[in-house]
Amino acid sequence: MKRGVGVTVTAVVATAAAAVAVAVLVRHWRRRRGCEQARRILRRFARRCATPAAKLWHVADEMASEIETTLSSSDPGTNLRVLVAYLAPLPTGEEKGTYYGIDLRGTNFLIVKARLQGKDEPLTEVHRHEVAIPSDIIAKVECTRELCDFMALELAKFVSFHSETDSDARSTERKLGFTLSFAMDEAPESSGMAIKWNRSLVDDTVGKELAAEINQALEKHGVDMRVFAVVNDTVGYLAGGRYYSNDSVTAVNLAMGTDIAYVESPKRTPNPSKESAGSAETVMNVQWGNFSSLNLPLTEFDTYLDAESKDPGSRVFEKLISGMFLGEIVRRVLLKMATEAALFGDSLPPKLTTPYLLMSPDVAAMHQDLSENYQVVGEKLKEIFDIDNSTPMAREIVSEVCDIVAERGARLVGAGIVGVVKKTGRIKNKKSVITIEGGLYEHYRIFRNYLHSCVWEMLGTELSENVVIEYSHGGSGAGSVFLAASQSHF
């Protein structure tokens, strides 16, 4: 009797073990099959995102053509906005001394002080102070005067605090560089401040009014500095590049948003003013985020699509290349893989359905993961989406998605740069230094490498030597300091 019970127990245990083994095999088979399905999605996505040199040249040619059309016509019928951004001379590299600047952002501003020692020396004695703008000032429709007062007070405190280190203290009035680092649609929707300050970049009258309000506030609070112009921050990066090289003719902002500035002959600018007539060059700002072309490699996952109409919206180019959108594109691809291929198991991770949860620094970290079995990718998936059961194979696919998105974005930036340089007529016979500012370029090594290799591939060994790409000088907000230096001559 006992012997029979033992045999029965053994049979039950064996059956249970077999069932467990079968379950494990089924789960393993499902995961392998899911990864195979995910790879099919990946291959389709990669084909749609492909950027061969021929396609990139179409993009570059169209970029150059649209800029030319916008400049030469009062009603160009293009999506590009090409604005006269700065009429005063850029720095020469001979300016020396201590200069101050303010970089106004969406909800805060940065006060910068630095010492310039000539084109052969880096910035020294750099001090930065970030100040949050009170919410009640941001929310008001007509708040520029209050904001100007607030900035002047904070600048007065900053100057007083650093006065002991200011070896160039003097009785003469100094210029204060002033740059804007936000676009109207990146600031809070209720912000009347954003609307008016951004109008200053496209309406010279508004710009002069704002400069006058800033100067009134500076005088009111005893700050012996004056603002010459309210300028887009990308123009500041160009000023920094020009300080160190006379061949610096273009600057790119490559952060959460993106635009490009370049040097143009005043004769080629729309409605040249008396001020531009006396200048050897004019800085133009190309808000290339709205650039659109049939040659752009678009996919179903790109955020240029309106969720309801499925029609292309605005800022198409920006949504393929800027830091604000790269992570979202990756998330959308992973969501499709998780839904249709069970990439992360049978249950869909709830957080994976949340838009804009994945940011570009996270994409960079996962893409550049060199650890065994993609451990950094696994950590990011757990940290951001609460996915704690990813397999090495799934993590490898995640890294490859990041690679496809980054490569496409970087190569499109390269094509855009080539297009702008082509517009200036400098590709074949003149050196052009391109200054780039922004976390995508500074911190995302693979993105940066893709951008450089794209320019080399498009131009070839010989011509690519005429286009030199470098990171901006001085770091965040420093462009305002270089503008202050350039304005010290008048």
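In this text, all values refer to a predicted model and were calculated from it rather than measured experimentally.

**Some remarks on the pattern of salt bridges**
Pairing between side chains becomes possible if they bear opposite charge and their charged atoms approach one another.
So, step 1. According to the stated counting rule, one finds 21 salt bridges in the structure shown.
So, step 2. Ionic pairing is found between Glu281 and Arg242, a salt bridge with its closest N-O pair at 2.6 Å. One end of the pair, Glu281, is in the loop between α8 (274-277) and β10 (282-287); the other, Arg242, is in helix α7 (residues 233-244), with 39 residues separating them in the sequence.
So, step 3. The partly exposed category is assigned to Glu281, whose relative accessible area is 24%.
So, step 4. Note that Arg411 and Glu457 form a salt bridge whose closest N and O atoms lie 2.9 Å from each other. Pair noted here: Arg411 is in helix α13 (residues 392-424) and Glu457 is in helix α15 (residues 445-464), with a separation of 46 residues, a long-range link.
So, step 5. Take Arg411: its relative accessible area is 7%, and that puts it in the buried class.
So, step 6. Three or more residues are tied together by salt bridges with common partners; here these are Arg39, Glu396 and Glu400.

**Considering unusual backbone geometry**
So, step 1. The phi angle at Ala342 is positive, at roughly 50°, despite the residue not being glycine.
So, step 2. As for its placement among the helices and strands, Ala342 is situated in the loop between α10 (323-341) and α11 (360-367).
So, step 3. Its identity is not glycine, yet Asp386 carries a phi of approximately 60°, on the positive side.
So, step 4. Checked against the element boundaries, Asp386 lands in the loop between α12 (375-385) and α13.

**Quick look at the confidence of the model for the chain**
The predicted structure's coordinates, where accompanied by low pLDDT, should not be read in detail.
So, step 1. Mean pLDDT for the chain: 84, with 79% of residues reaching 70 or above.
So, step 2. Residue range residues 183-192 is modelled with pLDDT below 50. Its contacts to residues more than four positions away, or to other chains, number 18 contacts.

**Quick look at the packing of aromatic side chains**
So, step 1. This structure, assessed with the given rule, holds 11 aromatic pairs.
So, step 2. The interplanar angle of 85° and the centroid separation of 6.2 Å between the aromatic rings of Tyr100 and Phe158 together place this pair among those described as edge-to-face. Taken together, the residues Tyr100 in strand β2 (residues 96-104) and Phe158 in helix α4 (residues 144-161) connect sequence positions 58 residues apart. Residue Tyr100 shares its accessibility class with Phe158, and that shared class is buried.
So, step 3. An angle of 10° between the planes, with centres 6.3 Å apart, marks the rings of Tyr441 and Tyr471 as stacked. Separated by 30 residues along the polypeptide, Tyr441 in helix α14 (residues 439-443) and Tyr471 in strand β12 (residues 467-471) bring together distant segments of the chain.
So, step 4. Since its relative accessible area comes to 4%, Tyr441 is described here as buried.
So, step 5. Residue class for Tyr471 comes out partly exposed when judged on its relative accessible area of 25%.
So, step 6. One Lys or Arg, Arg448, reaches over the ring of Tyr441 and ends 5.9 Å from the middle of that ring.

Cut-offs applied
Residues numbered from 1 in each chain as written. Predicted model: local features only at pLDDT ≥ 70, side-chain atom pairs only at ≥ 80, totals over all residues. Heavy atoms only, no water. Salt bridge = Lys/Arg side-chain N within 4 Å of Asp/Glu carboxyl O. Helix = DSSP H or I, 4+ residues; strand = E, 2+ residues; numbered from the N terminus. Buried < 20%, exposed > 50% of the residue type's maximum accessible area, 1.4 Å probe, protein only. pLDDT = per-residue confidence, 0-100. Contact = heavy atoms within 4.5 Å. Phe/Tyr/Trp six-rings, centres within 6.5 Å; stacked < 30°, edge-to-face > 60°. Lys NZ or Arg CZ within 6 Å of the ring centre and 35° of its normal.

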